[in-house]
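Spelled out from the first residue to the last, the chains are:
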Amino acid sequence: MEWVDLRSDTVTRPTAAMRAAMLAAEVGDDVYGEDPTVNALQQRLADELGFDAGLFVPSGTQSNLLALMSHCERGDEYLVGADAHTYKFEGGGAAVLGSIQPQPIVQAADGSLPLERIEAAIKPVDPHFARTRVLALEDTWHGRTLPLDYLQAAHDVARAHGLGLHLDGARLFNAAVAGGVPAREIARHFDTVSVCLSKGLGAPVGSVLLGSHALVDKARRWRKVTGGGWRQAGMLAAAGQYALDHHVARLADDHRRAAYLAGRLREIAGIDLLGQYTNMVFVDVPAGRLRELDAHLREACIRISIGYLPTLRLVTHLDVDDDGVERVVAAFSAFFARR
Ligand SMILES: *Cc1c(COP(=O)(O)O)cnc(C)c1O
């Protein structure tokens, strides 16, 4: 039996057709700017999202770091959600490697940073304070999409204070597909956008940072400095190109399956459905039964990630089909029917 892995959409594996595209890729040395497939991927996403240039990098963590290091100098500050990836889940990289201070902002339930909290956090120009330089948002955040009118308002507040804007758009295309808008409509509110190809889009590796020529040139330098300059990366860029050609519209299938899964789990006594947003379902189960549930699901070839919390995040993606979802529903039902 195939595993149904609901831990994350990072677990997707390249399809046979994607692997064929990778094998056929023309390559060159990307540190010299000579990899035609990398260059094509960067320019294609830049054009599609409305930017001058793009930079293909190994990970979303590095892409966000390079963006912050390009916007900021030593002693500058970025405003960021207290539960944002760029604050909480990237090892403090901006502070560690960029000498950039994060100013976390407590988020609203929908993931937005309330405008009054943004304004209150912007520091006066005074030697006592770090210089507030950038507002960093995330869309989707825990699967939730930020409304376009919020993006406009946040943009206006940031601009009124001379701040740059960065989007951690690891799942930008999930947000675009869910909102029924071109990704460009979301991206246009930002100076830099980071997009992951390795999540629901199904590429094995890679993110692209988009921005102006000036910001992307800075980011390219920092990429080299942080050890991210790579050589014949065109084989990976080919996977990204394939993903953008074939795996964007189908994100709607992941969202549909997540909605279906949520609807079925809601009916099971013992499970508290907290919500479903794009490709993520959040449920609470009794904390004392988590380990036992995990073991039960593994026997049915289903993987979930259990932390310290009773809240489970179940993520649908390219490698979870309708049969897989039915197996998940059946396994949860059987477990909670037992006691
Ligand atoms: C996964 C993710 C990243 C970072 O991606 P990696 O490639 O794993 O470094 C950044 N932001 C968000 C919101 C993510 O989900």
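Since this is a predicted model, take the numbers as computed values, not measurements.

About the criteria used
- Residues numbered from 1 in each chain as written.
- Predicted model: local features only at pLDDT ≥ 70, side-chain atom pairs only at ≥ 80, totals over all residues.
- Heavy atoms only, no water.
- Axes fitted to C-alpha atoms, helices over the stretch in contact; angles between N-to-C directions.
- Helix = DSSP H or I, 4+ residues; strand = E, 2+ residues; numbered from the N terminus.
- Parallel < 35°, antiparallel > 145°, perpendicular 65-115°, else oblique.
- Left-handed = near helix turned anticlockwise from the far one by under 90°.
- Contact = heavy atoms within 4.5 Å.
- Nonpolar A, V, L, I, M, F, W, Y, C, P; charged D, E, K, R; others polar.
- Near = heavy atom within 4 Å.
- Polar contact = N/O pair within 3.5 Å; in protein donor to acceptor, adjacent residues only side chain to side chain.
- Areas by Shrake-Rupley, 256 points an atom, 1.4 Å probe, with all protein chains shown as cover.
- Expected span 1.5 Å × (residues − 1).
- Buried < 20%, exposed > 50% of the residue type's maximum accessible area, 1.4 Å probe, protein only.
- Arc of directions from axis to C-beta.
- Domains from an automatic or database assignment.
- Buried area = accessible area lost by both parts, 1.4 Å probe.
- Salt bridge = Lys/Arg side-chain N within 4 Å of Asp/Glu carboxyl O.
- Pairing = 2+ DSSP bridges.

1. Things to note about the packing of helix α12 (residues 251–266) against helix α14 (residues 322–338)
Orientation of α12 relative to α14, taken along the N-to-C sense of each, is 20°, at an axis distance of 10 Å. Considering the angle they form, α12 stands roughly parallel to α14. For α12 against α14, the interelement crossing comes out right-handed. Counting all contacts with α12, which are made through R256, R257, Y260, L261, R264 and L265, the residues of α14 involved are D322, V325, E326, V328, V329 and F332. When grouped by side-chain class, the residues that make up the contact of α12 with α14 number 7 nonpolar, no polar and 5 charged.

2. Things to note about the site of the ligand
Surrounding the ligand, one finds S59, G60, T61, N64, H85, E90, E138, D168, A170, R171, C196 and K199. Note that an oxygen atom of the ligand is positioned 2.8 Å from one of the backbone N or O atoms of G60. Taking K199, its side chain carries an N or O atom lying 2.7 Å from an oxygen atom of the ligand. For the ligand, the protein covers 83% of the area, taking 380 Å² as the surface of the free molecule. Across the shell around the ligand, the residue classes tally to 2 nonpolar, 5 polar and 5 charged.

3. Here we look at α14
When the terminal C-alpha atoms of α14 are compared, their 25 Å separation across 17 residues agrees well with the 24 Å that a helix rising 1.5 Å per residue should span. Every buried residue of α14 is listed here: G324, V325, V328, V329, A331, F332, F335 and F336. Taken end-on, α14 shows its buried residues confined to a sector of 165°, consistent with a single buried face. α14 presents D323 and A337 as exposed residues on the side facing more than 90 degrees away from its buried surface. Looking at the packing, one finds that the buried side of α14 touches β1 (4–5), α12, α13 (290–299), β11 (302–303) and β12 (311–315). One side-chain oxygen at the N-terminal end of α14 lies 3.3 Å from the backbone nitrogen of D323; it belongs to D321.

4. Notes on the domain arrangement of the protein chain
Taken as a whole, the protein chain is organised into domain 1 (16–246) and domain 2 (250–337). Distance from the C-alpha centre of domain 1 to the C-alpha centre of domain 2: 29 Å. Residue-level contacts link 14 residues of domain 1 with 11 residues of domain 2. Around 1000 Å² of area is buried between domain 1 and domain 2 when both sides are counted, 64% of it from carbon and sulfur atoms. The largest per-residue losses of area from domain 1 upon contact with domain 2 belong to G143, N174 and G200, which jointly make up 39% of the total buried on that side. The tally of links between domain 1 and domain 2 comes to 0 salt bridges. Viewed at the interface, domain 2 and domain 1 are joined by 2 residue pairs in polar contact (both at pLDDT 80 or more). The leading source of residues in the side of domain 1 that touches domain 2 is helix α8 (residues 172–179), at 4 residues. Across the side of domain 1 that touches domain 2, the residue classes break down as 4 nonpolar, 8 polar and 2 charged.

5. Observations concerning the sheet that holds strand β10 (residues 280–284)
Taking strand neighbours across the sheet as the criterion, the 3 strands line up as β9-β10-β12 in an open arrangement whose pairing is antiparallel. A single partner strand is all that each edge strand has here, and the edge strands are β9 (272–277) and β12. Direction aside, neighbouring strands of the sheet carry axes that sit 20° apart on average. Pairing of β9 with β10 involves 5 bridges; the strand directions are antiparallel. Across the sheet, D272 pairs through a bridge with D284, a residue of β10.

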